[in-house]
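Read off the chains here:
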Amino acid sequence: MTETPIDTPADNVRQFTVSEDDDGIRLDRWFKRNLPQIGFATVSRWARTGQIRVDGKRAKPEDRLEQGQVLRVPPGGEDAPSAKKAAPRVRVLSPEQIAEAKAMVIRETASAIVLNKPPGLATQGGSKTTKHVDGLLDAFVETEKTPRPRLVHRLDKDTSGVLLIARTPGAAASFSKRFAGRSARKVYWALVVGKPQMAEGVIDAPLAKQPGTGGEKMHVDEENGAAAKTRYRVVDSAGQRASWVELEPLTGRTHQLRVHMAAIGHPIVGDGKYGGPDSFLTGAVSRKMHLHARRLIISEPKTGEGTGGKLDVTAELPPHFAMSMEVLGFDESLSDASPMGDEAPERTGEEKKQAARRHFKQARKEARAPRRARGDAAVKSKSKTKDKGAKPAGKSKPPTKGPGRKPAR
C-alpha cells in the first residue's frame, strides 16, 4: 500500500495506490487489510454517498481493485463511534519466542518462509491453545513496513514437517490457489502398524465428521462423505511388525492420512485417536505419532521481474521419528520422498464407492486372517480337551428348559 496525502488541510483527503499484493482484492477487503480501524458500515456509507473514488470514479464495496489504481479515501472514519479499534499490528514476543520461531526456519525466499514444525506445536490457536505457530509469526516482522507473514495451510498438532508461510497477502493468495488447485505436491513419511498386502496403491474413501464427536474426529462415510484420495507406497518393512510408507494426499480433508491408514487396517504408529491401543508398538519405539510432512514442491508466485520459480523443500525428521527408524532398521536413504506420479483422472461418484468397497474388502480380509488363525487354533485345542475327557457314546437327554426350546415330553 502506498499512501499519497493530498495537500488540502481543509479536508485531509487521502489517496492510496493499489499495490501488487492487493491486486484483485475487493474494496471492502482492502479496507479490512490496510485500514482496519475503519468499520464496514463506514465504508458502505462512504461508497453509497460517493466519497470513495477509484481512479476518480465511484466504487462499491464489492468492486475489485487492480494494481496501480488510485483509491481516494475521505477524512475521518477512525474516530466514528461505530468504528472498531485497530488491534496492534505486531505482537511483542520474548527473546525466547523469537529464537524458537527462527529455529524452525529451513528456507526463506522473497515470497515464502518455510518452517519445519516440531510435533506437539499447534499451527493455529483455539479456546485451549495459547501457544501456536501463528502466534510466533510476529518474529518475522522486522520493520513497520514489513507485512505480517500469513499461514497458507495447516498441519495437525502432532504432525511434524514442512509448513509454508507466505510473506505477503499477495503471496498468500497465490499459494492458496496452488493448494486449492492441487498443483502443490506434498509427500509425507509415516510408520504404520503391520505390513500392507499391496506394496502401493490409492486409498479412495470419502470422509465426513463422525457424529457425536463435535467435529473432532473423522470417519469413512461412503454415502455422504466428501471425496478423499491418498496415494501410498511401502518403502520398507520390519517383518509384519511395522512398515515405513510414503503418503501423498491427492485431496485435503481433515485427518485424511490418519483416517485412511487406520481404515485399511494399518494405523499410523502412535495415533491412538484413530488406531486405538493397537497403534502403539512395544519396545524402544516412541509412543508419539509418526507422521511427518517430508517434502513440499510448489510454484512461487510471479513477480514484477518475471515468473516465479519452483520451491522444493525437504524437512528433517524429529528426534523421536529418527530414533524409531533406527530401532526398526530403516535406512532414510531409501527414499527421496518424490511424488508418486500424476494424479489419476477424476472418478465418478459410483466409481469412488466401488473402489472404496474393494479396498475395504481387502483390508477386512487382511484383518480377519490372523483372527481366524487364532480361532482355529483355539477350536483344535478345545476339541483335543473334549476327546480326552469324552464319555461313551450314547443318547443324551434334551434340555428341559432354555430359550427357543420346547419342554421335553
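Residues numbered from 1 in each chain as written. Predicted model: local features only at pLDDT ≥ 70, side-chain atom pairs only at ≥ 80, totals over all residues. Heavy atoms only, no water.

J.: Tell me about the overall build of the protein, and name the residues and values.
T.: Scanning the protein from N- to C-terminus turns up nine helices and 17 strands. The buried share of the protein, taken over its 409 residues, is 40%. Roughly 23,400 Å² of accessible area belongs to the protein as shown, and the carbon and sulfur atoms make up 50% of that amount. (Helix = DSSP H or I, 4+ residues; strand = E, 2+ residues; numbered from the N terminus. Buried < 20%, exposed > 50% of the residue type's maximum accessible area, 1.4 Å probe, protein only. Areas by Shrake-Rupley, 256 points an atom, 1.4 Å probe, with all protein chains shown as cover.)

J.: Quick rundown of the pairing of strand 15 (residues 242-249)? Include the residues and the values.
T.: Buried residues dominate strand 15, accounting for eight of its eight residues. Side chains A242, W244, E246 and E248 of strand 15 all project onto a buried face; the interleaved residues S243, V245, L247 and P249 project onto the opposite face, where all are buried too. Inspection of the sheet shows strand 10 (residues 185-193) paired to strand 15 by six bridges, in the antiparallel sense. In the strand pairing of strand 15, V192 is matched with S243. Sheet topology places strand 14 (residues 229-238) next to strand 15; eight bridges connect them, and they run antiparallel. Across the sheet, the residue bridging to R233 is E246, located in strand 15. If you look at the hairpin formed by strand 14 and strand 15, you'll find three residues sitting between the two strands, and G239 has a positive phi there, around 60°. (Pairing = 2+ DSSP bridges.)

J.: Give me the lowdown on the pattern of salt bridges, citing residues and values where you can.
T.: Scanning the entire structure with this criterion turns up eleven salt bridges. Salt-bridge contacts for E100 lead to K131; the nearest nitrogen and oxygen are separated by 3.1 Å. Separated by 31 residues along the polypeptide, E100 in helix 3 (residues 95-103) and K131 in the loop between strand 7 (112-117) and helix 4 (133-136) bring together distant segments of the chain. For D271, the salt bridge identified is with R258, shortest N-O distance 2.8 Å. Of this pair, D271 sits in the loop between helix 6 (256-263) and helix 7 (272-275) while R258 sits in helix 6, and the two are 13 residues apart along the sequence. Ionic contacts of the salt-bridge type, sharing partners, join the residues D134, D138 and R148 into one network. (Salt bridge = Lys/Arg side-chain N within 4 Å of Asp/Glu carboxyl O.)

J.: Explain the environment of P169 to me, using residue names and the numbers behind them.
T.: Mapping P169 onto the fold places it in helix 5 (residues 169-180). With 148 residues separating them in the primary sequence, P169 and D21 have C-alpha atoms 5.8 Å apart. With residues up to four places along the chain from it excluded, the contact list for P169 reads D21, R33, P147 and R150. (Contact = heavy atoms within 4.5 Å.)

J.: So what's going on with helix 5? Which residues, and what values?
T.: Between its first and last C-alpha atoms helix 5 spans 16 Å; for twelve residues at 1.5 Å apiece the expected length is 16 Å, and the two agree. Buried residues of helix 5: P169, G170, A171, A172, S174, F175 and F179, and no others. Summarising the contacts, the buried residues of helix 5 are in contact with helix 1 (27-34), strand 7, strand 8 (150-151), strand 9 (160-166), strand 10 and strand 16 (291-299). At the exit of helix 5 stands R182, carrying a positive phi of roughly 65°. (Expected span 1.5 Å × (residues − 1).)

J.: Any details on empty space enclosed by the protein? Residues and values, ideally.
T.: What the rule picks out here adds up to two cavities of 30 Å³ or more. By volume, the second largest cavity is sized at about 50 Å³. Lining the second largest cavity are H153, V162, K186, V187, Y188, A293, R295 and L296. Mapped onto the lining of the second largest cavity, the elements with two or more residues apiece are strand 10 and strand 16. Class assignment for the residues of the lining of the second largest cavity results in five nonpolar, one polar and two charged. (1 Å grid on protein atoms, 1.4 Å probe; cavity = no way out; pocket = protein on both sides within 12 Å on 5 of 7 lines; lining within 4 Å. Points joined across faces, edges and corners; volume = space filled by probe spheres on them. Nonpolar A, V, L, I, M, F, W, Y, C, P; charged D, E, K, R; others polar.)

J.: For helix 2 (residues 40-48), give the residues involved together with the corresponding values.
T.: Residues of helix 2 that are buried: T42, V43, S44, W46 and A47. In this fold, the buried residues of helix 2 make contact with strand 2 (14-17), helix 1, strand 4 (57-58) and strand 5 (70-73). Directly beyond the C-terminal end of helix 2, a positive phi value near 75° is found at G50.

J.: Mind laying out the nonpolar core, listing which residues take part and the relevant values?
T.: Core analysis: the largest hydrophobic core is formed by 31 residues, its most contacted members being L115, L247 and L291. Beyond its immediate chain neighbours, meaning those up to four positions away, L247 contacts K186, V187, Y188, A190, T230, R231, Y232, L257, M261, L291 and M340. (Core = buried A, V, L, I, M, F, W, Y, C linked by side-chain atoms within 4.5 Å.)

J.: Can you explain the confidence of the model for the protein? Please cite residues and give values.
T.: Per-residue pLDDT for the protein averages 83, and the proportion of residues at 70 or more is 76%. For residues 343-347, every residue scores under 50 in pLDDT, and the model assigns this stretch eleven contacts once sequence neighbours within four places are set aside. (pLDDT = per-residue confidence, 0-100.)

J.: Which residues make up the layout of surface pockets, and what are the values?
T.: Taken as a whole, the second largest pocket holds about 1,200 Å³ of empty space. What lines the second largest pocket is a set of 35 residues, and nearest its centre among them are R154, L155, D156, T254 and H255. Among the residues forming the lining of the second largest pocket, the class breakdown is ten nonpolar, 14 polar and eleven charged.

J.: Describe the side chain of H153, and please don't skip the residues or the numbers.
T.: With respect to the helices, strands and loops of the structure, H153 is situated in the loop between strand 8 and strand 9. H153 sits in the buried class, given a relative accessible area of 10%. Among all residues touching H153, those that are not within four sequence positions of it are T123, V162, L163, L164 and F179.

J.: Give a detailed account of unusual backbone geometry, specifying residues and quantitative values.
T.: Of note in the backbone geometry, D55 takes a positive phi value of approximately 55° without being a glycine. Relative to the helices and strands, D55 resides in the loop between strand 3 (53-54) and strand 4. We classify D55 as partly exposed; its relative accessible area is 45%.

J.: Can you explain the packing of aromatic side chains? Please cite residues and give values.
T.: The final tally for this structure, using the stated rule, is five aromatic pairs. Between W244 and F330, the ring centres sit 6.0 Å apart and the planes meet at 40°, which makes this aromatic pair tilted. Here W244, found in strand 15, pairs with F330, found in the loop between helix 8 (319-328) and helix 9 (349-388); they are 86 residues apart in sequence, far enough to count as distant. The pair W244 / F330 is uniform in exposure class, with both members buried. Each residue in the set F16, W30, F31 and W46 is aromatic and connected to the rest through ring pairs, giving one cluster. Its guanidinium or amino end placed over the ring of F280, R287 lies 4.1 Å from that ring's centre, counting from NZ or CZ. (Phe/Tyr/Trp six-rings, centres within 6.5 Å; stacked < 30°, edge-to-face > 60°. Lys NZ or Arg CZ within 6 Å of the ring centre and 35° of its normal.)

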